Amino acid sequence: MTITIYHNPACGTSRNTLAIIRQSGEEPRVVEYLKTPPTRSELETLIRDMGLTPRELLRKKGTPYAELGLDDTKWTDAELIGFMLQHPILINRPIVVTPLGTRLCRPSETVLDILPNANIGDFTKEDGEVVKAPKVK
């Protein structure tokens with residue numbers, strides 16, 4: 001089974017998501033997307049599979065979002081994707097792909113919805129918050 005996480009190691013949510021995946025018994029393929037950005041085709045596929053629009057995937061905080069004027073509705077989906085490819089920090093993260101689906105995992109426990117083995121027990125995030133594992137029938 002292949003699980004892929006588009007990961008930013010400087011992001012706490014991304015680190016927590018990666019830890020949850022590992023606690024489920026899987027070692028995912030880790031793509032540090034700031035070093036190795038997805039291609040246009042890959043990004044379009046991720047957006048489609050998540051059921052999001054490119055605008056919904058844009059990250060505002062800590063990015064050139066405001067500087068580039070990306071809140072302006074004049075930008076087309078193709079143009080917004082172009083900005084994300086040019087400035088990968090604009091891609092919100094982490095994105096996780098599993099055989100059960102593709103999700104933007106914010107908050108990190110969202111990944112449990114698409115993990116084949118979500119019965120991980122309780123998980124403690126870096127900030128001390130405890131995530132209760134879902135009841136598996």
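Since we're looking at a predicted model, the values are computed, not measured. (Residues numbered from 1 in each chain as written. Predicted model: local features only at pLDDT ≥ 70, side-chain atom pairs only at ≥ 80, totals over all residues. Heavy atoms only, no water.)

> Please clarify how unusual backbone geometry should be interpreted in this entry.
For residues other than glycine, phi is negative in most cases, and the peptide bonds are mostly trans. The step from R93 to P94 runs through a cis peptide bond, and the omega angle for that step is -5°. Considering the arrangement of structural elements, one finds P94 in the loop between α4 (77-86) and β3 (95-98). Geometrically, the link from R106 to P107 is a cis peptide bond, its omega value of 0° lying close to zero. Along the polypeptide, P107 turns up in the loop between β4 (101-104) and β5 (123-124). (Helix = DSSP H or I, 4+ residues; strand = E, 2+ residues; numbered from the N terminus.)

> What am I meant to see in the sheet that holds β4 here?
Whenever strands of a sheet pair, they do so through backbone hydrogen bonds, lying parallel or antiparallel. Here four strands make up an open sheet; going across it, the order is β2-β1-β3-β4 and the pairing mixed. On the outer flanks of this sheet lie β2 (29-32) and β4, each paired with one strand and no other. Averaged over neighbouring strand pairs, the angle between their axes works out to 15° when direction is ignored. Relative to β3, strand β1 (residues 4-7) runs antiparallel, the two sharing three bridges. Among the inter-strand pairings, I5 is bridged to a residue of β3, identified as V96. Lying on the sheet, helix α1 (residues 12-23) is in contact with β1, β2 and β3; it crosses β1 at an angle near 160°. (Pairing = 2+ DSSP bridges. Axes fitted to C-alpha atoms, helices over the stretch in contact; angles between N-to-C directions. Contact = heavy atoms within 4.5 Å.)

> Any chance you could explain the nonpolar core here in plain terms?
Counting 20 residues, the largest nonpolar core has L57, L70, M84 and I95 as its most contacted members. When contributions to this core are tallied by element, the ones reaching two or more residues are α2 (40-50) and α4. Apart from residues lying up to four places away in sequence, L57 is in contact with L43, I47, M50, L52, M84, L90, I91, N92, I95 and L104. Grouped together as the second largest cluster of nonpolar side chains are 16 residues, I20, V96, V131 and A133 included. (Core = buried A, V, L, I, M, F, W, Y, C linked by side-chain atoms within 4.5 Å. Buried < 20%, exposed > 50% of the residue type's maximum accessible area, 1.4 Å probe, protein only.)

> Sorry if this is basic, but what is going on with the environment of P64 here?
Summarising the element assignment, P64 is placed in the loop between α3 (54-57) and α4. A residue is classified by how much of its surface remains accessible, and P64, at 17% relative accessible area, is buried. Considering only alpha carbons, one finds P64 and G82, 18 residues apart in sequence, at a separation of 14 Å. When residues no more than four places from it in sequence are discounted, the contact partners of P64 are H87, I89 and L90.

> How should the packing of α2 against α4 be read in this particular structure?
Relative placement of two packed helices is described by the angle separating their axes and the distance separating the axes. Where α2 meets α4, the axes come as close as 10 Å, and the angle between the chain directions of the two elements is 120°. In terms of orientation, α2 lies oblique with respect to α4. For the pair α2 and α4, the sense of crossing is right-handed. For the pair α2 and α4, contact is made by R40, L43, E44 and I47 and by A78, I81, G82, M84 and L85, respectively. Its residues placed into classes, the contact of α2 with α4 shows six nonpolar, one polar and two charged. (Parallel < 35°, antiparallel > 145°, perpendicular 65-115°, else oblique. Left-handed = near helix turned anticlockwise from the far one by under 90°. Nonpolar A, V, L, I, M, F, W, Y, C, P; charged D, E, K, R; others polar.)

> Whenever I open this one, the pattern of salt bridges confuses me. Can you help?
One side chain can pair with another of opposite charge once the charged atoms of both are near each other. This model, assessed by the stated rule, comprises eight salt bridges. The salt bridge involving E32 is made with K35; its shortest N-O contact spans 3.3 Å. Here the salt bridges share partners, and the residues they tie into one network are E109, K125 and E129. (Salt bridge = Lys/Arg side-chain N within 4 Å of Asp/Glu carboxyl O.)

> Can you help me understand the pairing of β3 in this one?
Along a regular strand, successive side chains alternate from one face of the sheet to the other. Note: β3 against β4, four bridges, orientation antiparallel. Residue V97 lies in a different strand from β4, and its bridge partner there is T102. Between β3 and β4, which pair antiparallel in sequence order, lie two residues.

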